[in-house]
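Residues per chain are reported as follows:
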Amino acid sequence: MVEAVLIDLFSLPANLQNNIQGLLCNMLETIEKRSSVPAPFVYVVCCQRQGSERNGEQESLLPALRDFQCLKKRLEVIRAVTTAAALYTVKQRLDEKDLSIIKVILPTLRKGLMKVYIDHLFTAVYQFEFEDLQVASDCENLQIAEPQSEEQTLSTEDVALIRSEIQTYLASLPSLKGELTILRSSLIPDDIFLHGFTTRTGGISYIPTLSSCNLFSSSKRRDPQVVVKENLRRLANAAGFNPETFHRVKIDHANAVCIMGKTEPDSYDGIVTNQKGVTIAAPGADCIPVLFADPVRKACGAAHSGWKGTLLGVSMATVNAMVSEFGCNVKDILVVLGPSVGPCCYKLPHESAKKFHRIDPKCVRLFDSASPYIDIRRATRILLESGGILPENIQDDSVTDQNQNITFCTACHPDKFYSHFRDGTNFGTQIGFISIKD
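Since the structure is predicted, the reported quantities are computational estimates derived from the model, not experimental observations.

(A) Spatial organisation of the side chain of arginine 200. By the element assignment, arginine 200 lies in the loop between strand 8 (193–198) and helix 8 (225–239). Notably, arginine 200 is buried but unbridged: the nearest opposite-charge side chain belongs to aspartate 423, and the N-O separation is 4.5 Å. Engagement of the side chain of arginine 200 in a polar contact is seen with the backbone oxygen of serine 211, the distance being 2.6 Å.

This is how it looks when you write it as structure tokens:
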């Protein structure tokens, strides 16, 4: 069942936009008759001419639709200077109402172009279907037609222009939830390394569980890659690294490690490098983003350590890669555990809890319960120390000076961090990042 209808009049000349009220109403009535109850939400997208008075144009635009809107409360006319701005506004409306199934009615020649915009601004969460809108030059005829096979084939240059238009628009948007904030550890020397852990503020993601500096996109979430890219651009600008030489682990919840400069595995939860100016990162939204730094051999690493990765030893696998690839001494490596779900909140089924209990009984609280509380941070520390990392070279939530603590519980601080445990499936993601300064 179609949940929303997008009528694209963006390419129509202004004189046609202002003289098709009755025909549009006929189209809306047709849409309503085709749809199940309730009728879908309808968004009519039109071009806002540069330099025009928005309010004046809004008053003169499609006046017959105002009556329809008063009756139905499900119609909105959206005017914008660019298609990117118009579609992003439509996306916000869809997300406010949690709508995902959209019919797009548009001139045939706009279909190829519209699909490029949709591919960039929407994820696989949304389902689109298309119908052709036939418009005669004198606007005597405006009707929905069966989809035609002919649509404009866009050149590589056209696609690049669309991408640039989208990026420019997103870059113009204000930051949400305050300024971008980066947490840094005093353990990692800042004369050699650039590093930090992000929080959720200072980006443009607007969906409540993703707002605002979400740094991960997937086919199951509503934040598209272009929004995450803009958030990353703002982070890079604030932190001082190049977003074009940024590499994030490809999560598998296991213990594979990627060596920068060698063949990249299909998936991996650890990454190491000794290349200057290359920023590597690990995400976390309850799982631990772990950063590694060797100031002697000037090498660094990042790892994503969830409960499965912790048990599989992803942190020590990252350490071992630094030792074998770059000649690091394990006693020189510094390790910092970033914001992650704490033992105050995190539970696992009893069978999984047994594996943490074997590492150290203190890693499990209420062990005899069906879902004991688990301390994956303590387990990570124990495994690192067992592998030869010096206790004083590990920074986690055991620091005595709480002013130095950066290993906050993500679930306990909704104003600062994302949390899968707290927010459910459409959750945002923060990262830990590190690079060797030039």
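(B) Region of interest: the pattern of salt bridges. Using the criterion set out here, one finds 19 salt bridges in the structure. Among the salt bridges present, the one from aspartate 95 reaches arginine 222, with a minimum N-O distance of 2.6 Å. In this pair, aspartate 95 sits in helix 5 (residues 83–96) while arginine 222 sits in the loop between strand 8 and helix 8, placing the two residues 127 residues apart along the sequence. Ionic pairing is found between arginine 381 and glutamate 385, a salt bridge with its closest N-O pair at 2.8 Å. Of the two residues, arginine 381 and glutamate 385 are both situated in helix 12 (residues 376–386); the distance of four residues between them amounts to about one turn of the helix. The exposure class of arginine 381 is buried, given its relative accessible area of 16%. Taking relative accessible area as the criterion, glutamate 385 reaches 33% and is therefore assigned partly exposed.

(C) View of the side chain of serine 340. Within the fold, serine 340 resides in the loop between strand 15 (334–337) and helix 11 (350–359). Using a relative accessible area of 0% as the deciding quantity, one classes serine 340 as buried. Ignoring anything within four residues of it in the chain, the contact list for serine 340 reads Asp286, Cys287, Ile288, Arg377, Thr407, Phe408, Cys409 and Thr410.

(D) Looking closely at empty space enclosed by the protein. Within the structure shown, the criterion is met by two cavities of 30 Å³ or more. In terms of residues, the lining of the second largest cavity owes the most to one element, helix 5, which gives three residues. Class assignment of the residues belonging to the lining of the second largest cavity gives a composition of eight nonpolar, no polar and no charged.

(E) Structural view of the packing of helix 7 (residues 156–171) against helix 8. For the pair helix 7 and helix 8, the least separation of the axes is 10 Å and the interaxial angle reads 55°. On the basis of the axis angle, helix 7 is oblique to helix 8. Handedness of the crossing formed by helix 7 with helix 8: right-handed. Contact residues: Ile166, Gln167, Leu170 and Ala171 in helix 7; Val226, Val227, Lys229, Glu230, Arg233 and Arg234 in helix 8.

(F) Expanded view of the sheet that holds strand 15. The sheet built from six strands is open, its strands ordered 10-11-14-13-15-18 with mixed pairing. Strands at the two margins of the open sheet, each flanked by one partner only, are strand 10 (257–259) and strand 18 (394–395). Here strand 10 pairs with strand 11 (residues 270–273) via three bridges, running parallel. Within the sheet, the bridge partner assigned to cysteine 258 lies in strand 11 and is isoleucine 271. Sitting on the sheet, helix 10 (residues 314–326) is in contact with strand 10, strand 11, strand 13 (288–294) and strand 14 (299–305), with an inclination near 160° to strand 14. The strands touched by helix 12 within the sheet are strand 13, strand 14, strand 15 and strand 18, with strand 13 carrying the most contacts at an inclination of about 30°.

(G) Quick look at the environment of cysteine 46. Relative to the elements of secondary structure, cysteine 46 occurs in strand 2 (residues 41–47). Spatially, the C-alpha atom of cysteine 46 lies 7.9 Å from that of leucine 12, the residues being 34 residues apart in sequence.

(H) Main features of the packing of aromatic side chains. This model, assessed by the stated rule, comprises eight aromatic pairs. A centroid spacing of 5.8 Å and a plane angle of 15° characterise the contact between phenylalanine 241 and phenylalanine 246, whose relative ring orientation is stacked. Through a chain of ring-to-ring contacts, the aromatic side chains of Tyr88, Tyr169 and Tyr206 assemble into a single cluster. Note that arginine 74 overlies the ring of phenylalanine 41, its terminal NZ or CZ placed 4.0 Å from the centroid. Above the ring of phenylalanine 427, the side-chain terminus of arginine 221 is found at 3.9 Å from the ring centroid.

(I) Structural view of the environment of isoleucine 192. With respect to the helices, strands and loops of the structure, isoleucine 192 is situated in the loop between strand 7 (182–183) and strand 8. Residue isoleucine 192 is classed as buried on the basis of its relative accessible area, which comes to 15%. When the C-alpha positions of isoleucine 192 and serine 435 are compared, they lie 8.7 Å apart, and in sequence the two are 243 residues distant. In this structure isoleucine 192 touches Pro295, Lys298, Ser435, Ile436 and Lys437, once residues within four positions along its chain are discounted.

Calculation rules
Residues numbered from 1 in each chain as written. Predicted model: local features only at pLDDT ≥ 70, side-chain atom pairs only at ≥ 80, totals over all residues. Heavy atoms only, no water. Helix = DSSP H or I, 4+ residues; strand = E, 2+ residues; numbered from the N terminus. Buried < 20%, exposed > 50% of the residue type's maximum accessible area, 1.4 Å probe, protein only. Lys, Arg positive; Asp, Glu negative; His and termini not counted. Salt bridge = Lys/Arg side-chain N within 4 Å of Asp/Glu carboxyl O. Polar contact = N/O pair within 3.5 Å; in protein donor to acceptor, adjacent residues only side chain to side chain. Contact = heavy atoms within 4.5 Å. 1 Å grid on protein atoms, 1.4 Å probe; cavity = no way out; pocket = protein on both sides within 12 Å on 5 of 7 lines; lining within 4 Å. Points joined across faces, edges and corners; volume = space filled by probe spheres on them. Nonpolar A, V, L, I, M, F, W, Y, C, P; charged D, E, K, R; others polar. Axes fitted to C-alpha atoms, helices over the stretch in contact; angles between N-to-C directions. Parallel < 35°, antiparallel > 145°, perpendicular 65-115°, else oblique. Left-handed = near helix turned anticlockwise from the far one by under 90°. Pairing = 2+ DSSP bridges. Phe/Tyr/Trp six-rings, centres within 6.5 Å; stacked < 30°, edge-to-face > 60°. Lys NZ or Arg CZ within 6 Å of the ring centre and 35° of its normal.

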